[in-house]
Amino acid sequence: MNLLVTAGPTREPLDPVRYLTNRSSGKMGYALASAGIQLGHRVTLISGPTSLNVPVNVDYVPVETAQQMFEATRTHLARADAAIFSAAVADYRPASFAENKIKKAEARLTIDLVRNPDILGSVRREFSFEGVLVGFAAETENLEENARGKLEDKSCDFVVANLVSQCGIGFDSDHNEALLVYPDRSEILPMQTKGDLAHLIVQAVQEAINRRG
Ligand code: CTP
């Protein structure tokens, strides 16, 4: 299959020397891209800035901002059979970019933010994608309930849900555990390396394709 993976954080510029971002390392997305290649698939990896090596044989599409990731996804989704959205996309960006470095002045500074496009949420509605669609849900509470909400809102085949409040797993860790949330059931994937977890997720994508016939 042709598999598209989004990965990493996005970076939202504020002025020439500053940006807003988040703690995503990109490890899970890069592990998914590697697993896709190892399992014999063609992989396009659309990634925000990370310090990771790009897996061999992956079609790599580097981006910085959520808007760039949105456009790259629209372009590359056209030839994908399945797409996994593991990127930690910034939900908001600074309303304007200051051409010059913002100088300190008052004791308080308010930064105005505007919503970024919801990339995963646009896949069915705006891009009319009909392939297998997998979202991620990073939650600090009510894991299954929140993930099920995202599954339904964004018309995913399944959602990979992580509790991000636990120490030693999740962001920047080499290990993670996950709950795969399907429309009719859930499946626990116990704590393991992100590489092993990625293999199971790509296999679950393959099974979802097979079920569609
Ligand atoms: N996502 C996306 N575009 C965004 C925000 C999120 O494509 N602008 C994708 C992520 O890659 C992930 C899924 O949506 O697959 C859920 O991301 P998450 O941050 O957990 O949830 P949100 O939909 O942003 O909802 P909230 O922040 O309210 O929990």
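Shown above is the structure to which this text applies.
Caption draft 1: Seen up close, the site of the ligand. The environment of the ligand is formed by 14 residues, the closest being Phe 85, Ala 87, Leu 120, Lys 150 and Lys 154. One of the backbone N or O atoms of Leu 120 is found 2.8 Å from an oxygen atom in the ligand. In the model, an oxygen atom of the ligand is placed 2.5 Å from a nitrogen or oxygen of the Lys 154 side chain. When the ligand sits alone it has 570 Å² of accessible area, and the protein chains cover 75% of it. Among the detected pockets, the ligand sits in the largest pocket. Breaking the shell around the ligand down by element, the ones donating at least two residues are α3 (119–125) and β9 (132–139).

Caption draft 2: Layout of the environment of Phe 97. Among the secondary structure elements, Phe 97 is positioned in the loop between β7 (92–94) and β8 (113–115). Discounting chain neighbours no more than four positions away, the residues touching Phe 97 are Pro 13, Leu 14, Asp 15 and Pro 16.

Caption draft 3: Just the pairing of strand β6 (residues 82–85), in detail. Neither face of β6 is exposed, since Ala 82 and Ile 84 on one face and Ala 83 and Phe 85 on the opposite face are all buried. As paired elements, strand β1 (residues 2–7) and β6 share four bridges and run parallel to each other. Counterpart to Leu 3 in the pairing with β6 is Ala 82. Both β6 and β9 contribute to a ladder of four bridges, which runs parallel. Note that in β9 the partner of Ala 83 across the bridge is Leu 133.

Caption draft 4: Structural detail: the environment of Pro 94. Tracing the sequence through the fold places Pro 94 in strand β7. Residue Pro 94 is classed as buried on the basis of its relative accessible area, which comes to 6%. For the pair Pro 94 and Met 1, spaced 93 residues apart in the sequence, the C-alpha separation amounts to 38 Å. Once residues lying within four places of it in the same chain are set aside, the contact partners of Pro 94 are Glu 12, Pro 13, Leu 14, Leu 20, Asp 112, Leu 113 and Val 114.

Caption draft 5: Highlighting the pattern of salt bridges. Per the counting criterion, the structure on display carries 13 salt bridges. In this structure, the salt-bridge partner of Lys 27 is Asp 174, at a minimum N-O distance of 3.3 Å. Of the two residues, Lys 27 sits in helix α1 (residues 27–38) while Asp 174 sits in the loop between β10 (158–163) and β11 (175–181), which places them 147 residues apart along the sequence. We classify Lys 27 as partly exposed; its relative accessible area is 22%.

Parameters and conventions
- Residues numbered from 1 in each chain as written.
- Predicted model: local features only at pLDDT ≥ 70, side-chain atom pairs only at ≥ 80, totals over all residues.
- Heavy atoms only, no water.
- Near = heavy atom within 4 Å.
- Polar contact = N/O pair within 3.5 Å; in protein donor to acceptor, adjacent residues only side chain to side chain.
- Areas by Shrake-Rupley, 256 points an atom, 1.4 Å probe, with all protein chains shown as cover.
- 1 Å grid on protein atoms, 1.4 Å probe; cavity = no way out; pocket = protein on both sides within 12 Å on 5 of 7 lines; lining within 4 Å.
- Sits in = over half its atoms within 2 Å of the grid points.
- Helix = DSSP H or I, 4+ residues; strand = E, 2+ residues; numbered from the N terminus.
- Contact = heavy atoms within 4.5 Å.
- Buried < 20%, exposed > 50% of the residue type's maximum accessible area, 1.4 Å probe, protein only.
- Pairing = 2+ DSSP bridges.
- Salt bridge = Lys/Arg side-chain N within 4 Å of Asp/Glu carboxyl O.

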